[in-house]
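Residue-level structural notes
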2 protein chains.
Amino acid sequence: MTSKIRIGLLGLGTVGTGVVKIVLSPEGRHPLVSEVSLKKIAVKDLKRSRDKEIPSHLLTDDPMNVVEDPDIDLVVEVIGGIEPARTLILKAISLGKSVVTANKAVIARYGDEIANAAKANNVYVLIEGAVGGGIPIVEPLKQSLGGNKLKKISGIINGTTNYILSRMSLEGANFDDVLEEAQKLGFAESDPTADVDGLDAADKLSILSGLAFGGTIERSLVPTKGIRNLQSSDIEYANELGYDIKLLAIAESLSDKSNKETQLALRVEPTLIEKNHPLAKVSGVNNAILVEGSPIGEVMFYGPGAGAGPTASAVVADILNIASERITREGKNCLNPLLSASQWSKCVLVKPSEIIQKNYLRLITNDSPGVIGKIGKIFGENNVSIKSIVQFDSSESVAEIVVITHKGIQGQMMRSIEEIKNLSVVIKIASHLGCL
Amino acid sequence: MTSKIRIGLLGLGTVGTGVVKIVLSPEGRHPLVSEVSLKKIAVKDLKRSRDKEIPSHLLTDDPMNVVEDPDIDLVVEVIGGIEPARTLILKAISLGKSVVTANKAVIARYGDEIANAAKANNVYVLIEGAVGGGIPIVEPLKQSLGGNKLKKISGIINGTTNYILSRMSLEGANFDDVLEEAQKLGFAESDPTADVDGLDAADKLSILSGLAFGGTIERSLVPTKGIRNLQSSDIEYANELGYDIKLLAIAESLSDKSNKETQLALRVEPTLIEKNHPLAKVSGVNNAILVEGSPIGEVMFYGPGAGAGPTASAVVADILNIASERITREGKNCLNPLLSASQWSKCVLVKPSEIIQKNYLRLITNDSPGVIGKIGKIFGENNVSIKSIVQFDSSESVAEIVVITHKGIQGQMMRSIEEIKNLSVVIKIASHLGCL
C-alpha cells in the first residue's frame, strides 16, 4: 500500500540494541512493525564487538550523516545526554524529519525549543521512552486522559532509588552500604548523583507536568531533594507509624477555575506514604505513576521503569505512531492502522483440558491414616506435581485437606480429581479453584 | 481551522450524563474538548426530570433519528445491552459515521460484524469505555504495546465481585450476606447474575484478548466460573497459606513461534494469588490489568473499573481520538493534535514556601519534661496542625521526637522549624521529609 518508513538510529547502547531486535523480528508483534525499515545506525566506536544480530553493514560513526541522509524519514535518538543529542534532534527537525527520543535530560531542558522547532517544521517529536521506561504514560497523558481536569501526579519514577529504599526498608540497612551493593549488582551507576540526588526524577517530573498541565515547566525551579541523607532510623520510625518512605515526584495544581494561569506545586523528595496506599507497594526497580483528575478519580500505571527491553518497547510504540500517521496521511480513504480494528492472527481457544495452570483443591475426607498418601499417589500417577498438601483442623472424624499444585495440564488435573472422588476415604471435593 | 465535530449521543444514563458534563465544560481539559459539539441526545423517556445542566432542547426519544441526522458526524452509544444498540451502531456505520461505544456486551458478541462493517465503510469504532472503566487499557493495547509479543493478560475486571471478595476476605463473611449488603449499597445490581457468575468479566476478557492477540475470540467458548459458590473457608485457608482469592480473567498464549495460529488459553475463575503479587493488592471496586510481553516484561494498569465519571473519561478519550484524526485529515500540513506537543496553559511553579503538604519531622532533644508542649505550642502559633507527635526510645538524657503534620502551607512549616531550632531543649532537627 505505502512505502515502508525508513529509520535512522542514533546510538546502539542497551536501548538502541533493544529497538533493533524488535524491528528485525516483527513476527508476533503488531503488523505495523514490519512496515519499519532500519536504514542506518550511528555508533561511537565501529570496532567494538557486537551481538551478531546487529546488521553491521548499517553502522556508521557519523551521526550527522544519518540525520542528513535523504533516504531516512525518521530519526530515533537513544544516545542520551545533552550534546550532541540536542543538536542532532534539531537538525533532523529542520530537515523535516520526525524524531523519536528516550532522552529525558534533553527534553526536560530543551523541550520547548524542540517542540517549537517541531511545530515550525510540521513534524512530530515523540518521547514515550523518556519517562517510566516501558510504562505507557506519555501517550495516556496526551490521549487517553484528555477529557479530565488533571489535579495531581505522584510518581515513583526512579528505579535506582526505589531499589535502594526497598532494601533499606527490608533490611534496616543504611544508605551507603546498600548503594555500594546496588553498584556492584548494576542497579546503580558508578556515579550515582543523577539518581540518588533526585535529578533524574526531577527531569521526568518536569516532562510529565508539562504534558499533564499543558504548559512549559521551568526545570531549574523544581525543588529537589534526594535520598543521600536519608537515615535508616527515619525509615524505621515511619514503619512503626504505618508508613513507607519512597522518593516521590509530585506535581499538583493549586489553581481554581478563576485563574488564568495554572499554579503548580512541584517537588521531588523522600516522602512518607501510608502502607496501604497503592504507591507504597511498588518495590525494587519498578516505577509507578498515579494520576488524579476529574472525573476519572485515580488511575495508576505500573511497570519496569528502565532497562533495554521496556524502554525499547516505548521507543517502538512511538515509531509505530509516526508510521501510522504517515500511512493515514498518504493513503486515500485510509484508516489509521493503530486506531482501526485490525486483525493479524487466527486465534484458537484451546479446550479447558488443554489449559496449563496451577490449582487449588479442597477435599473433605475421613480422618484416617494414609489419606494424604493415597491422594498424593493419584496425582503422581497423573503427572500432577504437588506444591503443598495441608490437613487443616477439622471436626470429629472428618478432615479437610487442601492441595496446591504446580503448573500442569488441566486434563491431567481433571483425571486426578475423578480418581480421587472414587477413593472410599474421600467424602467430597469441596472446591476446586485456579491459582496464578 | 476546521469545523467542530458534531456528536449524537445515544443514552443518558450515568455514563451519558458524565459525557455531557465533560463536553459542556471544556475549561481546564485538553483544548480538543472544545472542538466537540453536542447535537442531539436520545433518551428513553422525555418526561423524566433531569439535571439542570442537561440541554433539554437536544433531547429526543427517537435514537434512529439521531443516527440518521446528516448534521451528526459521530455517534456515541452508551445505552448498553445487545438491542437496539447493535442495530443503531450498524446503521451509523452504514451511513459512514464513526462510533464510540462503552458497550462490552455487544462488542464481545458482535465485535467482528461491527469491525467488518466499520472497515467496509471506512469509519472507526472505538471502545475504550467497554473494558476497565476509566483505565486506559484499550488504547495501550492497540498503540503503546505494539512492539511486543504479548504473552499473557491477567485482570481483575469486574468491580462488583472484587468488592464482594475484598469484604469476604476482610470480614470472614459469607457470600450471600456480603452480596445482600453490596446490593443495598449500590455496589451490586438487583439481578447480580452478569457480575457474580463471571459473565461480565468474560465479555471483557474476550475484548481484551482480541486486541492483545489480534484475532477473533469466540465469546461462547470462554470457560467461565463465578464466585457464587465460593466458600469463606477457602478464602480463610488460602490466607493461611499466603494467598488471596480474586476473580481473575486470564488469557495466555500457548503458541511458540512455529505455529501459524495463536493458541489461547482463556478462563474466568476465582483464583489464588500470592499476597505480594501486584494484583493481590487491588481491593474494593477497583480494576487492574496486568499485561506480560516481550520485551516489556510486566506492566499493570490500575484504577476505577466502572462508574459515571471514569467511564465518561474513557468515552471522551475516544471522541477526542476521532476528532483529532478528522483534523489531521482535513487540514493541510496539519499535525495530529493529540500526538504533537501542544500547550494550552501558562504554568507557573509556586515557591517552595507556597506548597501545601503534610510533613514528617524528627528532632533530637533533651529528655526533659515539657519538650513536647513547647514544640506543640510553636506549631500551633504558626497554624501548623499536628497529626501525631511521638517520643521514641532514646539513649541517656537524649530523646527522639517524631512529628507528623496535617496538610499545611510550607512557609508556616519552615517558620515553625526555625523557631523550634532555637528552643534550648532542642539539640537538632535530624530530618524533615514530605508526607503524602
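Values in this document were obtained by computation on a predicted structure and should not be read as measured data.

What follows is about the overall build of chain A. Counting secondary structure elements, chain A contains 13 helices and 17 strands. Reported as C-alpha extents along the three principal axes, the dimensions of chain A are approximately 85 × 60 × 55 Å. For chain A, the residues scored as buried account for 53% of the 436 residues in total. Taking as baseline every contact in chain A between residues at least 6 positions apart, the subset at least 24 positions apart corresponds to 71%.

All names here are of chain B. Running from N to C, helix 3 (residues 85-94) and helix 4 (residues 104-121) point in directions that differ by 10°, and their axes come no closer than 9 Å. By the angle class used here, helix 3 and helix 4 are roughly parallel. Touching Ala85, Arg86, Ile89, Leu90, Ile93 and Ser94 of helix 3 are Val106, Tyr110, Ile114, Ala117, Ala118 and Asn121, all from helix 4. Across the contact of helix 3 with helix 4, the residue classes break down as nine nonpolar, two polar and one charged.

Residues and elements named next belong to chain A. Burial within strand 7 (residues 149-156) is extensive, with six of its eight residues counted as buried. Here strand 7 pairs with strand 10 (residues 286-294) via seven bridges, running antiparallel. Looking at strand 10, one finds that Ile156 is bridged to Ala288. The pairing of strand 7 with strand 8 (residues 243-253) spans four bridges and is antiparallel.

Our focus in this paragraph is helix 7 (residues 175-184) of chain B. Residues and elements named next belong to chain B. Along helix 7, the positions that sit buried rather than exposed are Val178, Leu179 and Ala182. Looking down the long axis of helix 7, one finds its buried residues gathered within 100° of arc, a one-sided arrangement. Across helix 7 from its buried face, at more than 90 degrees, point the exposed residues Asp176, Glu180 and Lys184. Phi turns positive one or two residues past the end of helix 7, at Gly186, with a value near 85°.

Our focus in this paragraph is helix 13 (residues 410-421) of chain A. An ideal rise of 1.5 Å per residue puts 16 Å on twelve residues; helix 13 of chain A measures up with 16 Å between its terminal C-alpha atoms. Residues of helix 13 of chain A that are buried sit in contact with strand 13 (356-366), helix 12 (371-381), strand 15 (398-405), strand 16 (408-409) and strand 17 (426-435) of chain A.

It is worth spelling out the sheet that holds strand 4 (residues 74-77) of chain B at this point. Overall, parallel pairing links the six strands, which are arranged 3-2-1-4-5-6 (chain B) in an open sheet. The open sheet terminates on both sides in strands that have one partner only, identified here as strand 3 (59-60) and strand 6 (125-126) of chain B.

The next point concerns the interface of chain A and chain B. Contacts between the two partners involve 112 residues from chain A and, on the opposite side, 112 residues from chain B. Per-element tally for the side of chain A that touches chain B: the top contributor is strand 9 (residues 262-274) of chain A, with eleven residues. Split into classes, the residues belonging to the side of chain A that touches chain B amount to 61 nonpolar, 33 polar and 18 charged. One ladder, built from two bridges, connects strand 9 of chain A with strand 17 (residues 426-435) of chain B; its direction is parallel. Opposite Leu272 of chain A, over in strand 17 of chain B, you have Cys435 of chain B as the bridge partner.

What follows deals with the domain arrangement of chain A. All names here are of chain A. Parsing chain A into structural domains produces domain 1 (5-134 + 310-330), domain 2 (142-304) and domain 3 (352-435). Taking only C-alpha atoms, the centre of domain 1 and the centre of domain 2 are 28 Å apart. In this assembly, 14 residues from domain 1 lie in contact with 14 residues from domain 2. With seven residues, the single largest contributor to the side of domain 1 that touches domain 2 is helix 4 (residues 104-120).

Moving on, we get to the relation of the copies chain A and chain B. Of the two same-sequence chains, chain A is brought onto chain B (RMSD 0.0 Å, axial shift 0.0 Å) by a rotation of 180°. The transformation relating the two chain copies, once decomposed into turn and shift, fits a two-fold axis. Measuring from the rotation axis to each C-alpha of chain A, the shortest distance belongs to Phe301 of chain A, at 2.5 Å. By residue overlap, the copies meet face to face through one surface: 100% of the interface positions of chain A are interface positions in chain B.

All names here are of chain A. Axis separation between helix 6 (residues 159-171) and helix 7 (residues 175-185) bottoms out at 10 Å; the angle between their running directions is 125°. With respect to helix 7, the axis of helix 6 lies oblique. Pair helix 6 / helix 7 crosses with right-handed handedness. Contact residues: helix 6 offers Thr160, Tyr163, Ile164, Arg167 and Met168, while helix 7 offers Phe175, Val178, Leu179 and Ala182. Classifying every residue of the contact of helix 6 with helix 7 gives seven nonpolar, one polar and one charged.

A few words now on the sheet that holds strand 3 (residues 59-60) of chain A. Picture the strands of a sheet paired through backbone hydrogen bonds; they go either parallel or antiparallel. The strand order 3-2-1-4-5-6 (chain A) describes an open sheet built from six strands, whose pairing is parallel. Edge positions in the sheet fall to strand 3 and strand 6 (125-126) of chain A, since each of these pairs with one other strand and no more.

A cis amide bond links Ser294 of chain A with the next residue in sequence, Pro295 of chain A, at an omega value of 10°. Mapped onto the fold, Pro295 of chain A is located in the loop between strand 10 and strand 11 (297-304). One non-glycine residue, Asn122 of chain B, lies in positive phi territory at about 60°. Within the secondary structure, Asn122 of chain B sits in the loop between helix 4 and strand 6. The partly exposed category is assigned to Asn122 of chain B, around which 14 C-beta atoms lie within 10 Å. One non-glycine residue with positive phi stands out, namely Asn383 of chain B, at about 65°. If you trace the backbone, Asn383 of chain B turns up in the loop between helix 12 (371-381) and strand 14 (386-392).

Glancing now at the environment of Leu141 of chain A. Residue and element names in this part refer to chain A. Relative to the assigned elements, Leu141 resides in helix 5 (residues 138-144). Take Leu141: there are 27 C-beta atoms within 10 Å of it, and that puts it in the buried class. Each C-alpha atom of the pair Leu141 and Gly210 lies 10.0 Å from the other, and the pair is 69 residues apart in sequence. In this structure, Leu141 is in contact with Leu208, Leu211 and Ala212, ignoring residues within four places of it in sequence.

All names here are of chain B. Structurally, Phe175 is set in helix 7. Under the C-beta neighbour-count criterion, Phe175 is labelled partly exposed, with 19 such atoms within 10 Å. Remark: the alpha-carbon pair of Phe175 and Ser25, spanning 150 residues in sequence, is separated by 42 Å. Sequence-distant contacts of Phe175, that is, excluding residues within four places in its chain, are made with Ile164, Met168, Ile227, Arg228 and Leu230.

Here the focus is the pairing of strand 9 of chain A. Taken across its 13 residues, strand 9 of chain A has eleven buried, putting it largely inside the fold. Across eleven bridges, strand 8 of chain A lies against strand 9 of chain A in antiparallel orientation. From the neighbouring strand, Leu248 of chain A faces strand 9 of chain A, where its bridge partner is Glu269 of chain A. Of the strand pairs in this sheet, strand 9 of chain A and strand 12 (residues 347-349) of chain B are connected by three bridges, and their pairing is parallel. Bridge assignment links Gln263 of chain A to a residue of strand 12 of chain B, and that residue is Val348 of chain B.

So, on to the confidence of the model for chain A. For chain A, the average pLDDT comes to 94, and 98% of its residues sit at 70 or higher. Both scores are available for the predicted complex, with the pTM at 0.95 and the ipTM at 0.95.

Analysis parameters
Residues numbered from 1 in each chain as written. Chains lettered and ligands numbered in written order. Predicted model: local features only at pLDDT ≥ 70, side-chain atom pairs only at ≥ 80, totals over all residues. Helix = DSSP H or I, 4+ residues; strand = E, 2+ residues; numbered from the N terminus. Buried ≥ 20, exposed ≤ 12 C-beta atoms within 10 Å, placed from the backbone. Contact = placed C-beta atoms within 7 Å. Axes fitted to C-alpha atoms, helices over the stretch in contact; angles between N-to-C directions. Parallel < 35°, antiparallel > 145°, perpendicular 65-115°, else oblique. Nonpolar A, V, L, I, M, F, W, Y, C, P; charged D, E, K, R; others polar. Pairing = 2+ DSSP bridges. Arc of directions from axis to C-beta. Expected span 1.5 Å × (residues − 1). Domains from an automatic or database assignment. Least-squares fit on C-alpha atoms with pLDDT ≥ 70 in both. Left-handed = near helix turned anticlockwise from the far one by under 90°. pLDDT = per-residue confidence, 0-100.

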